[in-house]
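# Per-entry structural report
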Amino acid sequence: MVEVKTEAGAAGGMNPMLVASYATIVLIWGASQVVLIPYVVHLLVLVTAILYAACHWSLTLLEEPPKEGEEGYDPDAPGRDTLKQEDAYQFPIVGSISLFSLYLAFKYLGQDMVNLLIGGYFGLIGCGALTMTISPLLGALAPASLSKPTLGWKKTVKHPLPDWLLENPLDLGLMFSVAGLAAFALSAGGIYLYFFQ
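A brief structural summary. (Residues numbered from 1 in each chain as written. Predicted model: local features only at pLDDT ≥ 70, side-chain atom pairs only at ≥ 80, totals over all residues. Heavy atoms only, no water.)

## So, the environment of A31
Let me state the cut-off plainly: Runs of H or I in DSSP of at least four residues are treated as helices and runs of E of at least two as strands, each being numbered from the N terminus. The buried label goes to any residue with under 20% of its type's maximum accessible area, the exposed label to any with over 50%, and the partly exposed label to all in between, with areas taken from a 1.4 Å probe on protein chains only.
Relative to the elements of secondary structure, A31 occurs in helix α1 (residues 16-34). Residue A31 is classed as partly exposed on the basis of its relative accessible area of 28%. C-alpha of A31 to C-alpha of G126: the two residues are 95 residues apart in sequence and 19 Å apart in space.

Below is the structure:
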């Protein structure tokens, strides 16, 4: 088993490089709203900071989750989502369907409606990405009671579709922490300001 320290450094504090990467992301984004930053500098600094933060948080995939009977075992913990070979096979199909639907949208809907749909899509995706980026930072800074996923719901739904298409029964649910909810509110506010100002 590989030991990986993702949340804390040797002294028990936050990783200073991770904090610096988050600060760089925020500073570059904020500065680019008021100061003209050369494209190459903006791209290299922002991508480097984003990649560091993403790679740091992906290190949790190297940790083995506790098995039943071991300390820290949680039967309700979500499983790992990693890219499988079957998923990669679907990329060309999904890409073709996406491009064809975009063609149909431009052909049969007006340009204003297509721009609204694309803007709404990128707004939702941006809000989700920003929430997933800010949430670990707020979770690390907040007390442990606000960082645990205690809010949400879980439901099992049966459906008529075949099992090879979608597992039956389907487990639906959403669990989040107070820190995650605060990250979502900040993200939604940032997306709103970006699109409507």
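Following the structure, the description resumes.
## Some words on helix α6 (residues 178-196)
Put simply, the rule reads: Here the expected length of a helix is defined as 1.5 Å per residue gap, with one fewer gap than residues. Arc definition: it is the arc formed by the directions from the helix axis to the C-beta atoms. Only heavy atoms matter for contacts: two residues are in contact if any of them lie within 4.5 Å across the pair.
When the terminal C-alpha atoms of α6 are compared, their 27 Å separation across 19 residues agrees well with the 27 Å that a helix rising 1.5 Å per residue should span. When α6 is considered as a whole, its buried residues turn out to be A179, G180, A183, S187 and I191. Buried residues of α6, viewed axially, fall in a sector of 105 degrees; they line one side. Of the exposed residues in α6, those oriented more than 90 degrees away from the buried face are L186, Y192 and F196. Here the buried face of α6 lies against α4 (111-141) and α5 (144-147).

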